[in-house]
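Report on the structure
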Amino acid sequence: MTEAILTMTGIGKEFPGVKALSEVDFRLLPGEVHALMGENGAGKSTLIKVLTGVYDIDQGSIVLDGRPVEFSGPLQAQHAGISTVYQEINLCPNLSVAENIFIGREPRLLGHIRWSTVERRASELLRRLQLDIDVSAMLGTYSIAVQQMVAIARAIDISAKVLILDEPTSSLDAGEVGQLFRVMRQLKDEGIAILFVTHFLDQVYEIADRITVLRNGRRVGEYRTAELTLIDLIGKMIGKELEVLERLEDRPKRAQEGDVPLVDARELGRKGAVAPFSLTIHKGEVVGLAGLLGSGRTEVARLLYGADRADHGQLAVDGRAVTMRGPRSAMAKNIAFCSENRRTEGLIEELTVRENIVLAMQATRGWTRPIPRRRQDELVDRYIKALDIRPANPDAPVRDLSGGNQQKVLLARWLITEPRLLILDEPTRGIDIGAKAEIQRLVAQLSDGGMAVLFVSAELEEVLRLSHKVAVLRDRHLIAELPNDDTLDVDRVMETIASGAKP
Amino acid sequence: MTTFAEVRSRLAGTRQRRYLPLYATLALLALMYGSGVVQYEAFSDPQVVLNVFIDNGFLLVVAVGMTFVILTGGIDLSVGAVVALTTMVSATLLEGQGWPAFAVLPLVLLMGATLGFGMGCIIHYFEIQPFIVTLAGMFLARGLCYTIGTSSITIDEPFWTTMAQSKVRFGDNFISPSVVIALVVVLVAAYVLAFTRLGRNTYAIGGNPRSAHLMGLPVARTRIGVYTISGFCSALGGVLLSFYMLSGNSLHAVGMELDAIAAVVIGGTLLTGGSGFVLGTVLGVLVLGIIQTLITFDGRLSSWWTKIVIGALLFAFILLQRLITPRKQ
Ligand SMILES: Nc1ncnc2c1ncn2[C@@H]1O[C@H](COP(=O)(O)OP(=O)(O)OP(=O)(O)O)[C@@H](O)[C@H]1O
Ligand SMILES: [Mg+2]
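Chains are numbered independently. Their residues run from 1 in the order of the written sequence. Lettering of chains starts at A and numbering of ligands starts at 1, both following the order in which they are written. Reporting in this predicted model follows two pLDDT cut-offs: at least 70 for local features of residues, and 80 or more for side-chain atom pairs to be given and counted; totals over whole chains, interfaces and linings ignore these cut-offs and use all residues. Note that water and hydrogens are dropped before the side-chain values are worked out from all heavy atoms of the structure.

Moving on, we get to the sheet that holds strand β5 (residues 67–69) of chain A. Sheet strands line up and pair through hydrogen bonds in the backbone, either parallel or antiparallel. All names here are of chain A. For two strands to be treated as a pair, DSSP must find at least two bridges joining them. For helices the rule is a DSSP run of H or I covering at least 4 residues; for strands it is a run of E covering at least 2, with both sets numbered from the N terminus onward. Taken in spatial order, the four strands line up as β2-β1-β4-β5 in an open sheet, and their pairing is antiparallel. Of all the strands in the sheet, the pair left with one neighbour each is β2 (18–28) and β5. Averaged over all adjacent pairs, the angle separating strand axes in this sheet is 30°, with direction ignored. Relative to β2, strand β1 (residues 6–15) is paired through seven bridges, and the arrangement is antiparallel. The partner of Phe 15 across the bridge, within β2, is Val 18. Pairs of residues are marked as contacts when any of their non-hydrogen atoms sit within 4.5 Å. Only the contacting stretch of a helix is used when fitting its axis, a line to C-alpha atoms as for every element, and angles between N-to-C directions run 0 to 180 degrees. This element, helix α1 (residues 44–51), spans β1, β2 and β4 (59–64) of the sheet and lies at about 110° to β1.

Take a look at the structure:
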C-alpha cells in the first residue's frame, strides 16, 4: 500500500465550552479522493482549520510527507503544499475575478505584476472549468455559484500536494459539479490527494475512494466507499436510522383550488434580471423553482419579495395590485425571504443565536415594542429543537456555529415570523441529511397549515419531494409550469430544461 | 419618485463604478476651476494651479500615506502630529545641535517610519482599533514636540533655505522642489498600489481581512506596512513643510490629519477600505487647494469658509459612496 502523504494523529481541539474534536485520526493517500463526512457541527471544518493553521492545535500531531508539521497560518500551509477552499467562500469581492485567482502569487517581472498574463491565465483556467466570464470584472458582481467556482479555480491552480475542498459544491448545479469532478479526477491521476467535504451523498459515491466519518468531534471510522452502503453511511453519520425521508414521500399532493391566489404575478419582469413571467401561488401551496445556475431562480424570488424593483408587469397580493418597495413593504404583507447568501445578507455574526432568530420578528413589530423575554425564550427554544441547532445554546455567538447550523439559524429567523408566503432560496444548502429531512418536513407541515412557500433549490429531488407545482426556468425565462403529479420526475424536469420548451 | 435605494441599485449595477467617484471629483474640480476663471481674470494664469501644488505639496505627501491606510479600512490620526514632530526635531538638530542636513534627513524619515511601524504592530497584534492606537500616537507625537520646545525655531541651514527658495522653472511658471518630491511620491505610490503585491494585498485586506488571511496573504506584514508607509509619508511631509515654513513648531500642522482624510475621501477612496486610487487623492488635495484659492481671491470671506465648504463636500462624497457601494443589509 502507498505511504500516506498526510497523517493526523490524536487531534484534539476545544473551544470555550465546546469540545470540537477529540482523539481524531485521519490520513490521506496520494492520488485519492477522500470524503470527510458527518453531521452539521461534527467537526469537519474544524479539522481542516486545525490542519491548515487557522486554529492552534490543542492535542495531537500532523505529519506531512514524512515530516512533522505545525502551521501558523494558511500561508504556511500553502507553502507546504496544502491548498484549501474553506467552507465560506473566502475571496475579496472588491477585486477582479482574475486577481482573486492569482493574488499572492501573481506572475511578476522584477516585482512588477503582469496584468495581461494574470488575466489571460485566469480565463484559461476558468475555461478549463467551462466557465466563460469576464475575468476583469469585480468578483462581487457575480453570483455565489460563480464565486464558488472562482475559489475552486484558485485552489486547483496552486497545484499542491494536498487539495482540500470544504463543501465546494454547495451552490453549484449538476453541470458545474460535473466539471469540478472531471478536474478532480485529473488531479487525482496526477497523484494529488484530495480531501472533500459535502452533504450530498450521491456526490460522495460518485467521486470518493474512501470515507472518514466524524460524529460529535470523534472519528467513527474510515471506510472504502465501495464497501460502505448508503444506509450504513447515514447510520454511521447520525448514529441512528433515518426514517423521515420515507414519511415525506407519500405526502398527499394538494389539489389546485379556484380561490384568489395569495400572490399573482402577471408579466412581472426586470431588464437584465429575468424576462416577464406569470406565476400564481395559492395559500398552502408549495411552488418549486427549478433551473440551472444563472437561469434566474434567485431573480424571480427577489422580484416577488421586492428586493429588486420590477420594471414590467404587475404583482397582486390577495387580488389587490401592489408595488413592492423593498423588503419592508414585503414584510408588511407578511412575505418573508430567506436569502441564499447567508454570509452577506443574512446573519449578523457578532450577535447570539437568540438575537439572530428574533431579529426579523422584532423588525416587523417595530423597535418600540420589544418582544418579551419569556416569549423570545419560548420561540427560540422551540426552533432550536425543531431544527436541531447545535450547540443548543441560545446565547452562543452565531460566528462560532458550524456552517450548517448557521444556515438553520437563518431559517429559524424567518419561520418564527409565521409569514403567509415564505420564500426559501436554497434553504438546505450545507445542511446535513438528517436536518435536511427535518427542514423538509417542517416546510410540508407549515404549508399544510396554510402557509404558501416558494421553494428554490438546485436539488431537483428536493424540489420534487416538496412542491405542488414546479416552475421551470431557463436563460432567465420561465419556460414551463409543471403540476407535480405522479408522472413528474427529475428526468422530465431535466428534459424540460434541456429542450427549453416554451409553455 | 425615484428612491435612494433605486438610484443606488442602478448605480451599483454599472461595471465601472470603481471609477465613478474619480469622475465626480474631476467634474467638481473642473467646475470650481471654471467658476474661478469666469469670476477672476488672474485666475486663468497657470501659476494659480501651480501655487496650489506649492502650498499643498506636504499635504499631498501626507494624504498619499493616508490613502494606503484607508485602503485597508484603517485610519491614521497621528499624521499631523508626526509632521509637527518632524519639523521640531529637524529644527533643533539643525539649529540647536548643528547637525548636517544629510544626517538629519534620513534620521527624521526613519523616525516617522518607526512610529508608524510601532502603531501598525500594536493595531495588528493586539487587535486594537486603529482609531484608538493612532489617537494615542497623535498625543504621543504632539507631547514629544512640546518636550523639545514650545516656541518656534527658525531654520536657516543652507540646504533648507535652498530648497525653500529655489524654483523649478518652465517658461514663465515655476514650482518648488518640494512639489517635484511630492509628485515623485505620488507616482511611486500609484505604481506600488497598481503593480506590486504589497499594493494588491492592501486592497485585498480592505475588501475582506478574514478572506485575505484564509487566502494565504501576508496580512500582518501588509497591515503593519501601510502604517509604516503612512508614518514615513508624514515625516516626509514634515520635511517638506519645514522647507516651506523654514521653521520647526509644535503647533505646525494642527488638524492636518483631518485635511488628509478629507482629501482622500473627496478623492473617492472608500472609508471602509478596498476601493480607491492615489490619483483620486491628488484630485482631492487639489479640490481643497482650489477652495482655499477661491476664498483668497474673493477676499471678503473669512478663511473659515474653507472649512465649511470642505465639510459640505465631505457629506456629498460620503453620500455618493453610499450610493455606489453594493447594498449590505
Ligand atoms: N470559532 C469557534 N468558536 C467556538 N466554537 C466553534 C468555533 N468553530 C466551530 N465551533 C464549534 O465546533 C463544532 C464543530 O464545528 P465545525 O464547523 O467543524 O462543524 P462542521 O462539521 O464543519 O459542520 P457543517 O457541516 O455544519 O459545516 C461546532 O459545535 C461549532 O459550534
Ligand atoms: Mg463545516
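Further notes follow.
Take the environment of B:Leu28 next. All names here are of chain B. Within the fold, Leu 28 resides in helix α2 (residues 20–39). Judged by its relative accessible area of 17%, Leu 28 is buried. As for Leu 28 and Val 179, which are separated by 151 residues in sequence, their C-alpha atoms are 23 Å apart. With residues up to four places along the chain from it excluded, the contact list for Leu 28 reads Val 287, Leu 313 and Phe 317. Under the scheme applied here, a residue whose accessible area is under 20% of the maximum for its type counts as buried, over 50% as exposed, and between as partly exposed, the area being computed with a 1.4 Å probe on protein chains only.

The next point concerns the coordination of the magnesium ion (ligand 2). Surrounding the magnesium ion (ligand 2) are the protein donor atoms A:Ser45 (OG) and A:Gln87 (OE1), at 1.9 to 2.1 Å. Of this pair, A:Ser45 sits in helix α1 while A:Gln87 is found in the loop between β6 (82–85) and α3 (97–102), placing the two residues 42 residues apart along the sequence. Listed donor atoms are N, O and S within 2.8 Å of the metal (Na, K and Ca: 3.2 Å). As water is not included, a site may look incomplete.

Contacts between the two partners involve 27 residues from chain B and, on the opposite side, 39 residues from chain A. By convention, the term buried area covers the 1.4 Å-probe accessible surface removed from two parts as they join, with the contributions of both added. For the pair chain B and chain A, the summed buried surface comes to about 2,900 Å²; carbon and sulfur atoms form 50% of the total. A side-chain nitrogen of Lys or Arg and a carboxyl oxygen of Asp or Glu constitute a salt bridge if their distance falls within 4 Å. Scanning the region where chain B abuts chain A turns up two salt bridges. Note that A:Glu106 and B:Arg197 form a salt bridge whose closest N and O atoms lie 2.8 Å from each other. Contacts described as polar in this section are N or O atom pairs within 3.5 Å, which, within protein, must combine one atom able to donate a hydrogen with one able to accept it, while residues neighboring in sequence count only if both atoms come from side chains. For the pair chain B and chain A, the number of links is 12 residue pairs in polar contact (both at pLDDT 80 or more). Broken down by secondary-structure element, the contributors of at least two residues to the side of chain B that touches chain A are α1 (4–13), α8 (177–195), α9 (197–207) and α10 (209–214) of chain B. Each residue is assigned to one of three groups, with Ala, Val, Leu, Ile, Met, Phe, Trp, Tyr, Cys and Pro labelled nonpolar, Asp, Glu, Lys and Arg labelled charged, and all others, Gly among them, labelled polar. Here the side of chain B that touches chain A is built from residues that sort into nine nonpolar, 10 polar and eight charged.

Moving on: the pattern of salt bridges. All names here are of chain A. One pass over the structure, following the stated rule, counts 28 salt bridges over all chains. In this structure, Arg 27 engages Glu 222 in a salt bridge whose closest nitrogen and oxygen atoms are separated by 2.9 Å. Note that Arg 27 is positioned in strand β2 and Glu 222 in strand β12 (residues 218–224), a separation of 195 residues in sequence. Owing to a relative accessible area of 27%, Arg 27 belongs among the partly exposed residues under this scheme. Among the salt bridges present, the one from Arg 441 reaches Glu 438, with a minimum N-O distance of 2.7 Å. Taken together, the positions of Arg 441 and Glu 438, both in helix α16 (residues 433–448) and three residues apart, correspond to about one turn of that helix.

To continue, consider the sheet that holds strand β13 (residues 263–270) of chain A. All names here are of chain A. Reading across the sheet, the four strands line up as β14-β13-β16-β17 and stay open at both edges, with antiparallel pairing between neighbours. Edge positions in the open sheet fall to β14 (274–281) and β17 (320–322), since each of these has one partner strand only. Sheet twist, expressed as the average angle between the axes of neighbouring strands with direction ignored, equals 25°. Helix α10 (residues 297–305) contacts β13, β14 and β16 (312–317) of the sheet and is inclined by roughly 65° relative to β14.

Residues and elements named next belong to chain B. Contact geometry for α2 and helix α13 (residues 278–298): axes closest at 10 Å, N-to-C directions at 25°. Taken together, α2 and α13 sit at an angle that is classed as roughly parallel. Seen from above, α2 lies across α13 with left-handed handedness. Seen from α2, the contacting residues are Leu 22, Thr 25, Leu 26, Leu 28, Leu 29, Met 32, Tyr 33, Ser 35 and Gly 36; seen from α13, they are Leu 279, Gly 280, Leu 283, Gly 284, Leu 286, Val 287, Ile 290, Ile 291 and Leu 294. Here the contact of α2 with α13 is composed, by residue class, of 13 nonpolar, five polar and no charged. Oblique is the label for any angle not under 35 degrees, not over 145, and not in the 65 to 115 range, which are roughly parallel, roughly antiparallel and roughly perpendicular in turn. Helix crossings get a hand from a simple test, with the near helix turned counterclockwise from the far one by less than a right angle marking a left-handed crossing and a clockwise turn marking a right-handed one.

To continue, consider the domain arrangement of chain A. All names here are of chain A. Residue ranges assigned to each domain were obtained from an automatic or database domain assignment. Per the domain assignment, the segments making up chain A are domain 1 (6–239), domain 2 (242–250 + 257–334 + 420–503) and domain 3 (352–418). Look at where the C-alpha atoms of domain 1 and domain 2 centre, and you get two points 32 Å apart. Contacts between the two partners involve 17 residues from domain 1 and, on the opposite side, 12 residues from domain 2. Looking only at domain 1, the three residues that lose the most surface to domain 2 are Asn 40, Asp 173 and His 199, adding up to 33% of its buried area. Between the two partners, domain 1 and domain 2, sit zero salt bridges.

Residues and elements named next belong to chain B. UniProt positions are given in the numbering used here, feature names are shortened, and annotations may be inferred rather than shown by experiment. Those residues carrying the UniProt feature "transmembrane region" (unreviewed entry) are residues 20–38, 58–89, 101–125, 131–153, 174–194, 224–246, 258–291 and 303–324 in this numbering. For residues 58–89, the helix share is 78%, the strand share is 0%, and the end-to-end C-alpha distance is 17 Å. Taken as a whole, residues 131–153 contains 78% helix and 4% strand, while its terminal C-alpha atoms sit 31 Å from one another.

Let's shift gears to α9(B). Counting buried positions along α9(B) gives eight out of 11 residues, so the element sits mostly inside the fold. When we look at burial in α9(B), the residues that qualify are B:Gly199, B:Arg200, B:Asn201, B:Thr202, B:Tyr203, B:Ala204, B:Ile205 and B:Gly206.

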